[in-house]
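Overview (structure and organization)
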Amino acid sequence: MCLVGRLLFKGLWRPYGYFFSYAVYVLAGTIAIFGTIMFFPGGYSTMYWVIESLSIALRFLVVWEVYRHTFPRGSAPHRVLSRTFAVVVTGLALVALGSFWSYATHPALYSIHAALDRSCGFAQAVMILGMLFAARYYGIQLGRNAWGIAVGLGVYASIATANNAVIDLAHSFLPYWTILSPLSFVAMLAVWTWAVWVEAPNPQMAIGTSPELDAEFGRWVEGWNRTRSTVRRVTNP
Amino acid sequence: MIGLLFFTILGVALFIGFLAISLRGASKSVPDSSALSAFSQIVTLEGSSFANPSRLLDDTEYQIFLSNPDLHKIARQFRKERQELALLWISSLSSDLKTLWRFRKFLIRQGVPATLGEEFETLRVVVLSLMLLSAVKASIRICGPFVFARVTRRARHGVDQMSYATAGLLGRVPRTGWAEIERNWARSAA
């Protein structure tokens, strides 16, 4: 509630629309779960797992939010990385899908939610870490908002990956999981609240190219092509 | 089972990675380019403007000389010259650091706002960087310029950090006040 309130109060819900949608979903889900406990206690577990499973998928919106703020459309890093990012996302989606599918082949492992959480959590954590490394490599400054959102989600997703794998490895871990899982989620919400407490967006990046620069680049490419054909003519007379 | 172990290990590894990133904190904001250029006009830094320290600390040529017994004398001479140059560079970096610290104190005397936390951070950077530079200097004297080349290259990091922080401090002054600061700084340095 504090996170949603802060996003609304600071007007950050506009630039961080996807993130705000996820925060609203978490809030609405929590209210719905409490409502179910109060009025339909029999449907609690079904409601809980449906909301949780949807939440896992919606976390990809937060990943996308970090990406679009770190590498804004039209910026040079976006042009360089967008294809790579698409390939990595496809690869990770296949890994996540494959590992989730393989859950069905092990009758001893029965938690479908754990399988979904660890597969998607792994993909999300790798995407976030990759983005942070790429940002560091290109010297892109991250503001407190994007940095906090990214690190908060990354820490939570990595804990979820390990946690959900361990409970299927050893069911005796379940009591710890029931503590670790909500605690890490609350920690993520606390980090996010800290991140959006003040408005600190990423510093502006140069977007697009000027027509003069395009013309200059065109002339350079023309000259370079002429040089290559001359060299080819000289080497292969 | 293997898949689960894979996820457990990778999950822990990712967690450690994110923990390390969070401990480093968000990257400090770079001051705007006009403040940086004004700063470089006001303060002259000799050591950090040295363009290619990697070349200075590269031992490839020394190893080539050393591989030929006839060139051992030249190798010794080469090493000695590089040692002197490296010591000169480290001394310039120390002097840059002191100049930056003096300039920062001067800016605060001129009324530029700074928090106590920033001042403690500056003090920490100055003390640690001076200690590192002294240690690097001693290592160059004792072991030569090529042994701890990587640490020596990193010695300028503190000066860069300090110069960014000081340029950021200058950026808090309205642009119209930069000329006066330049004049006062030149007068105080004279």
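Residues numbered from 1 in each chain as written. Chains lettered and ligands numbered in written order. Predicted model: local features only at pLDDT ≥ 70, side-chain atom pairs only at ≥ 80, totals over all residues.

**Examining the overall build of chain B**
- Check the secondary structure of chain B and you find 9 helices and 0 strands.
- If you list the helices and strands of chain B from N to C, you get α-α-α-α-α-α-α-α-α.
- In chain B, buried positions account for 25% of the 190 residues.
- Across chain B, the fraction of contacts at a sequence separation of at least 24, relative to all contacts at a separation of at least 6, is 84%. (Helix = DSSP H or I, 4+ residues; strand = E, 2+ residues; numbered from the N terminus. Buried ≥ 20, exposed ≤ 12 C-beta atoms within 10 Å, placed from the backbone. Contact = placed C-beta atoms within 7 Å.)

**Looking at the overall build of chain A**
- Helix and strand content of chain A: 8 helices and 0 strands.
- Across chain A, helices and strands are ordered from the amino to the carboxyl terminus as α-α-α-α-α-α-α-α.
- Scored against the burial criterion, the 237 residues of chain A give a buried share of 30%.
- Considering only intrachain contacts with a sequence separation of at least 6, the fraction spanning at least 24 residues in chain A is 77%.

**Notes on the packing of helix α5 (residues 112-137) of chain A against helix α1 (residues 2-24) of chain B**
- With their axes 11 Å apart at the nearest point, α5 of chain A and α1 of chain B run at an angle of 35° to one another. The two elements α5 of chain A and α1 of chain B cross, and the hand of that crossing is left-handed. Counted together, Arg-118, Phe-122, Ala-125, Leu-129 and Leu-132 of chain A of α5 of chain A and Phe-7, Leu-10, Gly-11, Leu-14, Gly-17, Phe-18 and Ile-21 of chain B of α1 of chain B form the full contact between these two elements. (Axes fitted to C-alpha atoms, helices over the stretch in contact; angles between N-to-C directions. Left-handed = near helix turned anticlockwise from the far one by under 90°.)

**With respect to the interface of chain B and chain A**
- Opposite the 18 residues of chain B that make contact, chain A presents 23 residues.
- Of the residues contributing to the side of chain B that touches chain A, the split by class is 11 nonpolar, 7 polar and no charged. (Nonpolar A, V, L, I, M, F, W, Y, C, P; charged D, E, K, R; others polar.)

**Some points on the confidence of the model for chain B**
- Counting all residues, the mean pLDDT for chain B is 83, and 95% of those residues have values of 70 or more.
- Prediction confidence for the complex, expressed as pTM and ipTM, is 0.60 and 0.71 respectively. (pLDDT = per-residue confidence, 0-100.)

**Details of the nonpolar core**
- The biggest cluster of nonpolar side chains holds 58 residues, and the ones touching the most others in it are Val-66, Ile-128, Met-131, Ile-149, Ala-150 and Leu-153 of chain A.
- Listed by contribution, the elements that provide at least two residues to this core are α1 (2-9), α2 (17-39), α3 (44-70), α4 (76-102), α5, α6 (144-169) and α7 (174-195) of chain A together with α1 of chain B.
- Among the elements that take part in this core, α6 of chain A stands out by supplying 15 residues, more than any other.
- Residues contacting Ile-149 of chain A, with those up to four places away along its chain left out, are Phe-19, Val-62, Glu-65, Val-66, Trp-192 and Ala-195 of chain A.
- Among the nonpolar cores identified, the runner-up in size contains 24 residues, and Val-43, Ala-86, Phe-103 and Leu-169 of chain B belong to it. (Core = buried A, V, L, I, M, F, W, Y, C linked by C-beta atoms within 7 Å.)

**Regarding the confidence of the model for chain A**
- Averaged over all residues, the pLDDT of chain A equals 79, while 88% of them reach at least 70.
- The element-level mean pLDDT for chain A is lowest in helix α8 (residues 211-235) of chain A, coming to 69, with α2 of chain A highest at 88.

**Comments concerning α2 of chain A**
Residues and elements named next belong to chain A.
- Here α2 is 23 residues long and its end C-alpha atoms lie 32 Å apart, about the 33 Å a rise of 1.5 Å per residue gives.
- Taken residue by residue, α2 has Phe-19, Phe-20, Tyr-22, Ala-23 and Val-26 as its buried positions.
- Those residues of α2 hidden inside the fold are in contact with α1, α3 and α6. (Expected span 1.5 Å × (residues − 1).)

**Notes on α1 of chain B**
- An ideal rise of 1.5 Å per residue puts 33 Å on 23 residues; α1 of chain B measures up with 33 Å between its terminal C-alpha atoms.
- Along α1 of chain B, the residues classified as buried are Leu-4, Phe-7, Gly-11, Leu-14, Phe-15, Phe-18 and Ile-21 of chain B.
- Contacts from the buried residues of α1 of chain B go to α5 and α6 of chain A.

**Considerations on the environment of Ala-135 of chain B**
Residue and element names in this part refer to chain B.
- Tracing the backbone shows Ala-135 in helix α6 (residues 116-143).
- Of the residues examined, Ala-135 has 13 C-beta atoms within 10 Å and is grouped as partly exposed.
- For Ala-135 and Ala-155, which are 20 residues apart along the polypeptide, the C-alpha to C-alpha distance reads 9.7 Å.

**Things to note about the environment of Arg-59 of chain A**
- Of note, Arg-59 of chain A is situated in helix α3.
- Placed 61 residues apart in sequence, Arg-59 of chain A and Cys-120 of chain A show a C-alpha to C-alpha distance of 8.8 Å.

**Focus: the environment of Met-131 of chain B**
Residue and element names in this part refer to chain B.
- Along the polypeptide, Met-131 turns up in helix α6.
- For Met-131, a count of 11 C-beta atoms within 10 Å translates into the label exposed.
- Sequence spacing of Met-131 and Ser-94 is 37 residues, and the spatial spacing of their C-alpha atoms is 9.8 Å.

**Section: the packing of α3 of chain A against α5 of chain A**
Residues and elements named next belong to chain A.
- Relative orientation of the contacting elements α3 and α5 amounts to 10°, with a least axis distance of 10 Å. Here α5 runs roughly parallel to α3, going by the angle between their axes. Note on element contacts: α5 touches α3 through His-113, Leu-116, Asp-117, Cys-120, Gln-124, Met-127, Ile-128, Met-131 and Ala-135, opposite Trp-49, Glu-52, Ser-53, Ile-56, Ala-57, Arg-59, Phe-60, Val-63, Val-66, Tyr-67 and Thr-70.
- For the contact of α3 with α5, the residue count by class is 13 nonpolar, 4 polar and 3 charged. (Parallel < 35°, antiparallel > 145°, perpendicular 65-115°, else oblique.)

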